[in-house]
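Here is what each chain is made of, one letter per residue.
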Amino acid sequence: MAKLTIAIDGPAGSGKSSVARRVAALLGYLYLDSGAMYRALALKALRRDIALDSESALEDLAGGTHIELQAPTAQQEAAGAKNCVFLDGADVTQEIRTSEVAQAASRLATIAGVREVLVAEQQRAGAGGGVVMEGRDIGTVVFPRAELKIFLDASPEVRAERRWKEHQEKGEQFTLSEVLEEVRVRDKRDSERKVSPLVRAEDAVLVDNTAMDVEETARVIVMLAQEREKELTKAAGREA
Ligand code: CDP
Ligand code: CDP
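Bear in mind that the values here come from a model prediction, so they are computed numbers and not experimental data.

Conventions and cut-offs
Residues numbered from 1 in each chain as written. Chains lettered and ligands numbered in written order. Predicted model: local features only at pLDDT ≥ 70, side-chain atom pairs only at ≥ 80, totals over all residues. Heavy atoms only, no water. Helix = DSSP H or I, 4+ residues; strand = E, 2+ residues; numbered from the N terminus. Polar contact = N/O pair within 3.5 Å; in protein donor to acceptor, adjacent residues only side chain to side chain. Contact = heavy atoms within 4.5 Å. Salt bridge = Lys/Arg side-chain N within 4 Å of Asp/Glu carboxyl O. Buried < 20%, exposed > 50% of the residue type's maximum accessible area, 1.4 Å probe, protein only. Near = heavy atom within 4 Å. Areas by Shrake-Rupley, 256 points an atom, 1.4 Å probe, with all protein chains shown as cover. Nonpolar A, V, L, I, M, F, W, Y, C, P; charged D, E, K, R; others polar. Core = buried A, V, L, I, M, F, W, Y, C linked by side-chain atoms within 4.5 Å. Pairing = 2+ DSSP bridges. Axes fitted to C-alpha atoms, helices over the stretch in contact; angles between N-to-C directions.

K.L.:
What's the story with the side chain of T93 in this structure? I'm lost.
P.N.:
Summarising the element assignment, T93 is placed in the loop between β5 (90-91) and α5 (99-108). Among the polar contacts made by the side chain of T93, one reaches the main-chain amide nitrogen of V85 at a distance of 3.1 Å. Here the side chain of T93 touches D91 through a polar contact of 2.5 Å, side chain to side chain. Among residues more than four places away in sequence, those in contact with T93 are A81, N83, C84 and V85.

Written out as structure tokens, the structure reads:
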């Protein structure tokens, strides 16, 4: 059966990581979280006190940084990790999951030179196909020829509530309205930036999972993927 490249884009808390991870597991594909790369670079910038509007310093930082995504072990997965993230060889899987890092990531993600470096890495990582990559510009910029593109969405209130619950589980004391504000600020910056903004690709299927859980959403996407796999396998047979 033909192996697809599946691009899943959408705003914060729409379920991209959880759903993409599950889709990849059901199809036997590789799962890649592009946002984790922006977060890892942001963590490095914060640790070095680099101003988040300093374009040239951040471009240099991106060029001199090695970020790697790895599939988690069963134990790491049970602890909630979907991709393990290594920053210059050090495991930063947990450290990148804070609101501060998320906001910093969305600021440095507005810089064209930073995006160029990370997009090239993402293209290399997903080059073999049989991959589910999620982010903001996967269907528009990273893999514009992906055989299946999904734009995942949910209402801002539901997305914020999902994130708030995650903070609660980690013992972090944010109010729901603080989390809603954080999500709104980031979505606005991500959608309005000049370079590779968050937009639905023309050929992306819109999946609104406001009222669906992760499993239901993943199964809808797997059904679409299996249809595409069949179509491509048939087309390849006709060409042979
Ligand atoms: O990656 P993204 O920010 O788009 O979302 P996520 O990290 O996959 O999902 C945020 C939280 O919402 C996770 O705790 C998911 O389990 C949960 N979620 C949910 O309850 N129902 C969905 N349909 C999708 C995600
Ligand atoms: O998990 P969540 O949806 O909250 O965010 P993420 O996917 O980890 O991404 C963090 C930030 O990185 C986003 O707010 C975007 O600014 C940026 N990002 C991007 O610009 N392009 C991508 N392909 C992925 C993430």
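K.L.:
Looking at this model, I keep getting lost on the pattern of salt bridges. Mind explaining?
P.N.:
Pairing of side chains with opposite charge becomes possible as their charged atoms draw close. One pass over the structure, following the stated rule, counts 17 salt bridges. Salt-bridge contacts for D190 lead to R193; the nearest nitrogen and oxygen are separated by 3.5 Å. Grouping residues by exposure puts D190 and R193 together as buried. E231 is the salt-bridge partner of R228, the closest N and O atoms lying 2.5 Å from each other. A residue pair is termed a helical-turn pair when its members lie 3 or 4 positions apart in one helix, as R228 and E231 do in helix α10 (residues 214-239) at three residues. The class of R228 is partly exposed, set by a relative accessible area of 25%. For E231, a relative accessible area of 43% gives the class partly exposed. Where salt bridges share partners, they join R22, E215 and R219 into one cluster.

K.L.:
Sorry, what's going on with the site of ligand 2 here?
P.N.:
Contacts to ligand 2 come from 19 residues, most closely from R39, R115, R163, R186 and D190. The separation between an oxygen atom of ligand 2 and a polar side-chain atom of R39 is 2.6 Å. One of the side-chain nitrogen or oxygen atoms of R193 is found 2.9 Å away from an oxygen atom of ligand 2. Burial of ligand 2 by the protein amounts to 100% of the accessible area it has alone, namely 520 Å². For the shell around ligand 2, the secondary-structure elements that each account for two or more residues are α2 (34-47), α5 and α9 (176-192). Per element, the largest residue contribution to the shell around ligand 2 is four residues, and it comes from α2. Among the residues forming the shell around ligand 2, the class breakdown is five nonpolar, four polar and ten charged.

K.L.:
Just to check I follow, could you spell out the nonpolar core for this structure?
P.N.:
One recurring pattern in soluble globular proteins: nonpolar side chains tend to sit buried together. Counting 36 residues, the largest nonpolar core has L41, L58, I67, V85, I96, L108 and V114 as its most contacted members. Looking at this core, the elements that each hand over two or more residues are α2, α3 (55-63), β3 (67-70), β4 (84-87), α5, α6 (112-125), β6 (131-135) and α7 (138-142). With eight residues, α2 is the single largest residue contributor to this core. Sequence-distant contacts of L108, that is, excluding residues within four places in its chain, are made with Y38, L41, A42, A45, L52, L58 and V114. Grouped together as the second largest cluster of nonpolar side chains are 19 residues, V19, V23, L27 and Y31 included.

K.L.:
Could you clarify how one ought to interpret the sheet that holds β4 in this entry?
P.N.:
Two strands in a sheet stick together by hydrogen bonds in their backbones, pointing the same way (parallel) or opposite ways (antiparallel). Reading across from one edge, β3-β4-β5 is the order of the three strands in this open sheet, with antiparallel pairing throughout. Two strands bound the open sheet, and with one partner strand each, they are β3 and β5. Sheet topology places β4 next to β5; two bridges connect them, and they run antiparallel. Note that in β5 the partner of L87 across the bridge is A90. Here α2 sits on the sheet and contacts β3 and β4; the angle it forms with β4, its principal contact strand, is near 40°.

K.L.:
It is not clear to me how the sheet that holds strand β8 (residues 205-208) should be interpreted in this structure. Could you clarify?
P.N.:
One open sheet holds the five strands; their spatial order is β2-β6-β1-β7-β8, and the pairing between them is parallel. On the outer flanks of this sheet lie β2 (30-33) and β8, each paired with one strand and no other. Between one strand axis and the next, the sheet turns through 20° on average, direction left out of account. Pairing of strand β1 (residues 5-9) with strand β7 (residues 148-153), which is carried by four bridges, proceeds in the parallel orientation. When the sheet's bridge partners are listed, I6 is paired in β7 with L148. On the sheet, α2 packs against β2 and β6 and is oriented at approximately 40° with respect to β2.

K.L.:
How should α5 be read in this particular structure?
P.N.:
Helical periodicity: at 3.6 residues per turn, an α-helix aligns residues three or four positions apart in one direction. The buried fraction of α5 amounts to eight of the ten residues, a majority that puts the element mostly inside the structure. If you check which residues of α5 are buried, you get S99, V101, A102, Q103, A104, A105, S106 and L108. Looking at the packing, one finds that the buried side of α5 touches α2, α3, α6, α8 (156-169) and α9.

No statement about biological role is implied by the geometric values presented.
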